[in-house]
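# Analysis of the macromolecular model
Residue strings, one per chain:
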Amino acid sequence: MSPHISLSQEPGPIGVFDSGYGGLTILRQIRNAMPQYDYLYLGDNARAPYGTRSFDVVYEFTLQAVRYLFQQGCHLVILGCNTASAKALRTIQQHDLPEIDSHRRVLGIIRPTVECIGGISRTGHVGILATQGTVRSRTYELEIGKLYPSMSVTSLGCPMWVSLVENNEHLSPGADYFVRERIDKILEMDPEIDCLILGCTHFPLLMPKISKYVPSGIGVVSQGKYVADSLRDYLCRHADMEGRLTRNGTMRFLTTEQAEAFQENAKVFLSSPLEAQRVFLK
């Protein structure tokens, strides 16, 4: 889409984008907090996962998705994906939005997650459990360093956790080993950690196992609630954007994968049936 192509200025839904299914946990929490708005979810499932891809490729794919959601009438898009938030958000905000439409907004999920830890951690030692791609990006360390420069941050990749969720094995007895091993490992790396951030949108589905193995006195931060609270606050402070959102309480789902496959797998994340439409990004 050229920056010169006209976009509709009529009110539209809130767009939520993820490379796959994890962003559905963000959408679920946002909709629980603000059910009055319309939502349009786009999953780039055909090209997932993003975590192993380069910064340039993640940026290119994320920008394609953002432009598509703008074309569908969204004035506000949430990147419900840690990898996209880490590798593409800043460039899109600073470089692309002024050319596409300076009144539209793209927000990420890392900053709202980081903002909450000041009221949770007492020791100033925070752990990040995330995908390898998010860990390598060091985005959490950078964001925490801006807000809380004295905090100590330890990050650890959890390569098996996404597979457990996507294969619907996250509640199986076999998942216990992989969850416990990573929790033990990060607490061994820094025994003073008293706050663990789940830096992947798949990980909330593992919460029953995580809660089982995290010692008492250590807070676990799951992103959805904090992103929803932050978005609600954002809309209260930006009446102009709030006025560009439609309010019919609807949800629509788009995927770059076969619609039937998306509908089947998405049930794990939303706990309810849905209908999806296949689209193509370019």
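Everything in this summary refers to the structure shown in the same document. (Residues numbered from 1 in each chain as written. Predicted model: local features only at pLDDT ≥ 70, side-chain atom pairs only at ≥ 80, totals over all residues. Heavy atoms only, no water.)

### Considerations on helix H2 (residues 55–71)
- With 17 residues, H2 extends 24 Å from end C-alpha to end C-alpha; this agrees with the ideal 24 Å at 1.5 Å per step.
- Every buried residue belonging to H2 is among Val58, Phe61, Thr62, Leu63, Gln64, Ala65, Val66, Tyr68, Leu69 and Phe70, and all of these are buried.
- One or two positions beyond H2, positive phi appears at Gly73, with a value near 105°. (Helix = DSSP H or I, 4+ residues; strand = E, 2+ residues; numbered from the N terminus. Expected span 1.5 Å × (residues − 1). Buried < 20%, exposed > 50% of the residue type's maximum accessible area, 1.4 Å probe, protein only.)

### Overview of the side chain of Glu143
- Looking at the element boundaries, Glu143 is found in helix H7 (residues 139–147).
- Assessed through its relative accessible area of 9%, Glu143 is described here as buried.
- Every residue in contact with Glu143, bar those within four places of it in the chain, is listed here: Arg90, Ile110, Arg111 and Val114. (Contact = heavy atoms within 4.5 Å.)

### Examining the sheet that holds strand S2 (residues 39–43)
- Here 6 strands make up an open sheet; going across it, the order is S4-S3-S1-S2-S9-S10 and the pairing parallel. The two strands at the open ends of the sheet, each matched to only one other strand, are strand S4 (105–107) and strand S10 (276–278). Adjacent strand axes in the sheet meet at a mean angle of 20° when their direction is disregarded.
- Where S2 lies against strand S9 (residues 251–255), 5 bridges are found, and the strand directions are parallel. Counted as the bridge partner of Tyr39 is Met251 from S9. (Pairing = 2+ DSSP bridges. Axes fitted to C-alpha atoms, helices over the stretch in contact; angles between N-to-C directions.)

### Quick notes on the packing of helix H1 (residues 23–33) against helix H11 (residues 223–237)
- Running from amino to carboxyl end, H1 crosses H11 at an angle of 45°, the nearest separation of the two axes being 8 Å. Classed by the angle they form, the pair H1 and H11 counts as oblique. Relative to H11, H1 is oriented so that their crossing is right-handed. Together, Ile26, Gln29, Ile30 and Ala33 of H1 and Gln223, Gly224, Lys225, Val227, Ala228, Leu231 and Arg232 of H11 make up the contact between the two elements.
- Here the residues of the contact of H1 with H11 are counted per class, giving 6 nonpolar, 3 polar and 2 charged. (Parallel < 35°, antiparallel > 145°, perpendicular 65-115°, else oblique. Left-handed = near helix turned anticlockwise from the far one by under 90°. Nonpolar A, V, L, I, M, F, W, Y, C, P; charged D, E, K, R; others polar.)

### Quick word on the environment of Asp194
- Its place among the elements puts Asp194 in the loop between helix H9 (175–189) and strand S7 (195–199).
- The sequence separation of Asp194 and Ile183 amounts to 11 residues, and the corresponding C-alpha distance is 12 Å.
- Leaving out residues up to four positions away in the same chain, Asp194 has contacts with Ile120, Ser121, Arg122, Thr123, His125, Gly217, Ile218 and Gly219.

### Describing the packing of H1 against helix H13 (residues 259–270)
- Packing of H1 against H13 brings their axes to within 9 Å, and their N-to-C directions diverge by 55°. The angle between H1 and H13 places the two elements in the oblique class. Once H1 is placed against H13, the crossing between them reads as right-handed. Between H1 and H13, the residues in contact are Leu24, Thr25 and Arg28 and Phe262, Ala266, Phe269 and Leu270, respectively.

### Some details on the packing of aromatic side chains
- Scanning the model with the defined rule gives 9 aromatic pairs in all.
- Residues Tyr41 and Phe253 carry aromatic rings whose centres are separated by 6.3 Å and whose planes lie at 50° to one another, so their mutual orientation is tilted. Of the two residues, Tyr41 is situated in strand S2 and Phe253 in strand S9; the sequence distance between them amounts to 212 residues.
- Arranged with centres 6.5 Å apart and planes meeting at 45°, the rings of Phe253 and Phe262 form a pair that is tilted.
- An aromatic cluster is defined as three or more aromatic residues linked by ring pairs; in this entry it consists of Tyr21, Tyr41, Phe253, Phe262 and Phe269.
- Over the ring of Phe70 we find Arg104; its NZ or CZ atom is 5.6 Å from the centre of that ring.
- When the ring centre of Tyr226 is taken as origin, the NZ or CZ atom of Lys225, which lies over that ring, is 5.2 Å away. (Phe/Tyr/Trp six-rings, centres within 6.5 Å; stacked < 30°, edge-to-face > 60°. Lys NZ or Arg CZ within 6 Å of the ring centre and 35° of its normal.)

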